[in-house]
Every structure is written in C-alpha cells, then in structure tokens.
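Structural characterization, general
This is what each chain is made of:
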Amino acid sequence: MEKLWLLLGLISLVECSRIIPPLYRYDDHDGCHDTGAYCFVRIVFKQDRDPFDSSRITTDFRRNLLDWGICIKECQRELEQFDEEDRQSLFQPKFEINFTYIVPADLWDQYLDPFKVNYSELINICVNNRLKRDYNFDRLAYSEIEYCQDVPGTSRSTPGWSVIAFYAIVLALASLLIYANVIDWLGEDRLEGHVIVSSFSVRRNWTLLTKQSSSDLYRDFGYIDGVRVILSLLVMSIHYLILIVAIPLKNPEYIEEVVKNLFMVDIVTSSAVLVQIFFAISGLLLTISVLKDGDHNPIYDLRYARNKIKARLIRIVPVYFFFMLVSIVIPDLPEVHVGPVGYKALIQEQARCRKKWWINVLFLNNLPPFGGQVCNQQGWYLAADLQLFVVALAIVIACWRYPKHAKNLLSSCVVVGLVIPIGIVYLLGLESALPFRLSDAQFLHMYQLWIKHVYVPSYSNITSYLAGVVVGYVYHQNRHNNLNLDDFWVLLLSLLKDIKEVPIIFQIYNIIKRARVPLLALAYLPTFVFYRYEIPRSSWLTIIHTVLYRNAGVIAFCVTLIECFQNSPGTIRTFLASKPMTSMGKLSFAVYVLHIPMIRIVLNWIPPTLELTWSSPVWMVPSFAGIYLIGLCVYLCIEQPVSLVLKHYWLGKN
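Residues numbered from 1 in each chain as written. Predicted model: local features only at pLDDT ≥ 70, side-chain atom pairs only at ≥ 80, totals over all residues. Heavy atoms only, no water.

**Overview of the pattern of salt bridges**
Our working definition: Each reported salt bridge corresponds to a side-chain nitrogen of Lys or Arg within 4 Å of a carboxyl oxygen of Asp or Glu. Here a helix means four or more residues in a row that DSSP labels H or I, a strand means two or more in a row labelled E, and each is numbered from the N terminus. Only protein chains enter the accessibility calculation, which uses a 1.4 Å probe; a residue is then buried when its area is under 20% of its type maximum, exposed when over 50%, and partly exposed in between.
Tallying each qualifying case throughout the model produces 29 salt bridges. The salt bridge involving glutamate 349 is made with arginine 352; its shortest N-O contact spans 3.0 Å. With a gap of three residues between them, glutamate 349 and arginine 352 both fall in helix α14 (residues 340-361), about one helical turn apart. Arginine 352 gets classed as buried once you look at its relative accessible area, which sits at 2%. When salt bridges that share partners are traced, they join Arg25, Asp27, Glu78, Arg130, Arg133 and Asp134 into one network.

Given below as structure tokens:
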C-alpha cells in the first residue's frame, strides 16, 4: 500500500499535457434559471485515426468524445448576432459513429422529444462556435442531447407507486422497531413467543452481531469473516474509483497518466480475482452446510433443496430490493438537489431502475441478453451467486447420493467450467484479462464486451464456485476420515509403491501447493503486455493467459484455505477471527448492497469538474466509515429482523 501511495505521489509531480478541446465543460448549472433548460450533451468529431482500432488495450479516454453541460439561455445569447448563413456554416449533421457515445434515448421514453425538437440544432451550432472561438478547433462536431432538465435540480416526475411504497416501507419498519424495542425495554418476560418483538429487538440483534460461535466450524473458518471485510474494502475502493472516473473531471489527463503505469495496470486488472474469491467462499460454506446436514439427516429431496433456496432468498431479497427502491426514489426525496454530477450519479440510475427493475427481481441481470444499462449494477454478483448456488446445490446432493460417480461428475463440471470462458474469449475475439479503458469507465463498463460475456455471467465463474465446493468436500473428509493432504512423505512412499493407490487429489494438491506463487506471477504480472503490444486476440498466448488469469488466484486461495484448517491459527488468522472483524464481516452483505447508492449520493455533492490529485483516495476513508455505520443500521433494522420473521413464517424456524 505504501508503494501505491508513493507511485501516485510521483505521478502527481509529472507534467500532464492538457486535453484540448476539454472532455468536460459545464455551464453554470444553478445560475441557469430564466429559460428553465439545461442539457447534457455528447459531442463527437471525426479523427484521422481511431486509436481504439487495435488489438492493444488502450486505456485513454476517447479524445473525440466530449461531455458538456449546456445552458440554453447562454447559447441563445451567444448566437443572437449570427445570421442564417453563419449558423448553417457551423452546423454538423450526424455521421456514422462506430462506438458507444451516448446512453440510449429509450431510457427516457418520450421525455426528450420536445427538447430535441427545440434545441438540437441550436446546441449543435453553439458547440461548434465555442470549439472554434475558445479552442481554435478547426473541425465541426456533431452534438446530441443526452438529457435535459427543465429547472436545475429537477427531473421527470417519479411514478406515485414507488414513492408511496418507499414511505410505506420506512414507516412500517420504524413502527415495528419502536413497538418491539418498547416491549423489549419493559421486560424479557413479555418476549416469550412474540416473533415480531424478538426479531426487531435491537438489543437482541446486536447480541447476534457481536456473538462469536464456539463450534468446530467457527474454530476452523471464523477468520473468513475477516477475509470478507478485507475483500469488501478492496471491492468498494475499486467501485469508488470507477464512479469517480465516470463523472466530469477537471483534469482527466491526470488519471490517464496514472493508469498508463505498468504497475497500476497489473493492480487494476488483478482486482477481478476479488469476486472469484467471494464465489469460492460461497461454494465452501454451501458444501460444508449440505454435507453436515447429510451427516445428521441424510434425506436429500426436493423439499430440502427448496428450503435451502428459500433460505438463500430470505438472506438476499429484503435488503437488495429495498435499496433498488431507494435508487428509484433518491432524486425525488426532500432536500436532494440534483446537479450536473447528480445527473450521472442519480438520474441515470433512477431511469435504469424504472426500466430494468424486473430483470433484477428475477435475478437475470448478469446474463448477456439482459446486460447493458442495468439497474443497481453491483447486483450482478447476487444474481450470479444465486444461480451458482442452485447449480452447486444440485451437484453436491448428486455427489452425496451417488458417491461412485462423484469424481466423474465433479471432473466433468470443472472441465466444462474451464472450457466455457476459453471458448467465449476465442470465438468473440476478446481480451484475456480485464480490459480497463477510461472510455468504458465513463459508461461504468456496461457496454464492455469482456465484462458482459466473461466477467459477470454465472457460467463463466463456475470454476471459482466449484473450487470452493472441492475445499468443502476435502474439509468434510479431513474431519471425518482424518485425511491429511500435507503428509508428503507418506504420499511419496505410496507413489513409489503403486501410484494407483494414491488418490489423485493428493497429487494435484501437492503440485499446486508448490506452484501457486509462480502461477500467480504468470497470471497477473504479464497483463501489462496486452496494454503495450499488439497481440492477436485469438492467439495461443491469449488463450493460455485466459486460463491462468481466470483460475490461478482462486486456486491459490483455496489451497491456502486447506492449509489453514489443517494447521493451528497464527497471528493473521487470530486477528481475522477476532470479535471486531467477525462482527464487521456479518455486515458485508448489507455494505455491499448499499455502498453504490451511498457513493452516488456523495458524488451528487461534488462540483461539476472535480480535480483529482494523488491525495484524492483519502476521501474514501470517511466515506467507507459512513457506509459501515449505515450498514450497521441496515443490519439491525432491516436485514436481521426481516430475515428472522421470514424464516419463522416461511421456513417454520423459531
């Protein structure tokens, strides 16, 4: 971390050439009152050569795509002395544009039609006049309205049902919390058999949050909550930086210089492994839970599977759906003044959620047919995790019921899981690793093909989940059959005696255990090569790197998990399993769901052209502290009480 800060500090001292004409230029938003129209405009001009037409990954912004905020009153004032001939000389009709440059107009239904009729030509001429007058720019640019506000800080009226539903839910939760905690305060004798009071008691939920289990499972895997905290902070940091890049910047050339550094390229691209580790943890815990149930009551039927899925939905749905509703109503809440940055941070998200909410409700928002302009973009992980949960549940149950075929079944699933991303990368001619382009980050990577077809689909991540399943199976065997994968000398003697007597898992484990560091180096260090050199997308080098990049990190993590439950905890694991870390780990789900809406609200307060410096990431510290504080409130007031009530009435659990 110290090296990263030093690197950012050194980059901040480098003289960056200004981008002319500026990528972002915003008229005074709050001062544009008289005409009541302020429009966000996408401006495109032709280039002699497209730097993105290359197999090399280009990290820069598109220099020929400008994002300006236009006050109609100012344009009318600037052009009032122009005659018709002068106006027509500055007008540029639309030409063929072969890249994504604007959010789809159907996001706004018919709302933009009158603005386009009245102001499209005016803005087109006004923009070209400014380019020529202020920047001595000798090319005409095509301008297209992306969105307009009648009055600064206002947007389209929100459907009544969403606002009513939001206030009704908040009122119901507040009433239940007040009622339950008053009864709780009066005495514990009043709690017996009272489901609502027991579930909504803040005191009891706080006890559940801070309580540490004394079970064998917690002794072996309690540190995973601490791992979740570290991973969550890293994921939030990446999302925070992506959202920062997506908003108007005063010095976009600075961030261009930062991401051109080879060390920074490797850091950004290796961040994809964080989500894979989360998948592996889910697969591990699912397998341990199912096998443990089998030890006590080995009856796996449709009812058992249905109850497992119900329990999963109970954990996910209440908080997830609540914050999806929050995304719809945030811009229309009292005292929320939506400015230029707020349009990108709040209004666009509101429009997406109005149009695409049903895709999230059905947990389909991670599949390519439904990709692009999705609501609550971070929700793709919840959809993928639920889909993989159902598939892995079926696989584990099948392995339990048909143990003779378990090895063949798992092997087949792993092979399929390895082949799928390789086939996608080869057939679509995609990159082997996360292609981080600032031009894609402006659209939150929603239209990036690698993200859409490789990163977010569940079928491309099945090997990560299955890796966790294998670790869960090894753990179960270790606890029941005294399996010791670290007994190398016994295995070696067995190999010399008869290789057929040695389980294949022993051989694979010992090979991977000794090769994990070189594998990690081969997977993540050479990534910068694809940013520096022209390497064919469908070459063998790309395919080999795809295999390493998609699997090395999660395999190394899973081998480390096996080492951990076979050995006594050290200082790091003791810290990760401490009460503060395990308590924060229980907040991970709520924090993950709410952190994007909260960051969007914070960005709404930022001036329209933020200047980035090496110290800008410092603002993440108070932001994340606030997010965890809100996550604590959500856990105590929504996640835990609602899940307890649903488990009681839907699953019949006390």
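Right, picking up where we left off after that structure.
**A short note on the nonpolar core**
Most often, soluble globular proteins keep nonpolar side chains buried together rather than apart. Note the following rule: What is meant by a nonpolar core is a set of buried Ala, Val, Leu, Ile, Met, Phe, Trp, Tyr and Cys residues, joined one to another through side-chain atoms within 4.5 Å. Note on contacts: a residue pair qualifies if any of its non-hydrogen atoms lie within 4.5 Å across the two residues.
Counting residues in hydrophobic clusters, the biggest one holds 203 residues, and the most contacted among them are Trp108, Ile123, Leu249, Phe323, Trp380 and Leu603. No other element matches the 14 residues that helix α15 (residues 380-401) contributes to this core. Those residues in contact with phenylalanine 323, other than ones at most four positions away along the chain, are Asn376, Val593, Leu594, Pro597, Met598 and Val634.

**As for the packing of helix α26 (residues 588-604) against helix α27 (residues 620-650)**
Inclusion rule: Here the axes come from fitting lines to C-alpha atoms, over the contacting stretch only for helices, and the angles between their N-to-C directions go from 0 to 180 degrees. In this scheme, roughly parallel covers angles under 35 degrees and roughly antiparallel covers those over 145, while 65 to 115 is roughly perpendicular and the rest are oblique. By definition, any crossing whose near helix is turned counterclockwise from its far helix by less than a right angle is left-handed, and any crossing with a clockwise turn is right-handed. Basically, the charged four are Asp, Glu, Lys and Arg, the nonpolar ten are Ala, Val, Leu, Ile, Met, Phe, Trp, Tyr, Cys and Pro, and anything else, Gly included, counts as polar.
Look at α26 against α27: their axes get within 9 Å of each other, and the N-to-C directions meet at 125°. The angle between α26 and α27 falls in the class oblique. In this structure, α26 meets α27 at a crossing whose hand is right-handed. Along its contact with α26, which presents Phe589, Ala590, Val591, Leu594, His595, Met598 and Ile599, the element α27 presents Ile627, Tyr628, Ile630, Gly631, Val634 and Glu639. Residue composition of the contact of α26 with α27, by class: 10 nonpolar, two polar and one charged.

**Topic: empty space enclosed by the protein**
We count it as follows: The definitions used throughout rest on a 1 Å grid laid over the protein atoms alone, on which a cavity is an enclosed set of points accommodating a 1.4 Å probe that cannot get out and a pocket is an open set flanked by protein within 12 Å on both sides along at least five of seven lines; lining residues are those having an atom within 4 Å of a point. Grid points are joined across faces, edges and corners, and a volume is the space filled by probe spheres set on the points.
For the structure shown, the criterion picks out five cavities of 30 Å³ or more. Volume-wise, the largest cavity comes out at about 160 Å³. In this structure, the largest cavity is lined by 17 residues; those nearest its centre are Ala246, Lys344, Gln348, Gln442 and Leu444. Secondary structure elements with two or more residues in the lining of the largest cavity: α9 (223-246), α14 and α26.

**What about the packing of aromatic side chains?**
Given two aromatic rings, their pairing is described by the distance between the two centres and the angle made by the two planes. What counts is decided by this rule: Ring pairs shown here join Phe, Tyr and Trp side chains whose ring centres sit within 6.5 Å, with only the six-membered ring taken for Trp; geometry is labelled stacked below 30 degrees between planes, edge-to-face above 60, and tilted in between.
Taken as a whole and assessed by the stated rule, the structure comprises 34 aromatic pairs. With centroids separated by 6.3 Å and ring planes inclined at 35°, the aromatic side chains of tryptophan 108 and tyrosine 343 adopt a geometry described as tilted. Of this pair, tryptophan 108 sits in the loop between α3 (84-89) and α4 (113-135) while tyrosine 343 sits in helix α14, and the two are 235 residues apart along the sequence. The class of tryptophan 108 is buried, set by a relative accessible area of 1%. Aromatic side chains tryptophan 450 and tyrosine 549 sit 6.2 Å apart centroid to centroid with 65° between the ring planes, which places their arrangement in the edge-to-face category. Residue tryptophan 450 is located in helix α18 (residues 449-455), and its partner tyrosine 549 is located in helix α23 (residues 540-566); the two are separated by 99 residues in the primary sequence. Taken together, the aromatic side chains of Tyr26, Tyr38, Phe40, Trp108, Tyr111, Phe115, Tyr119, Tyr147 and Tyr343 make up a single cluster linked through ring pairs.

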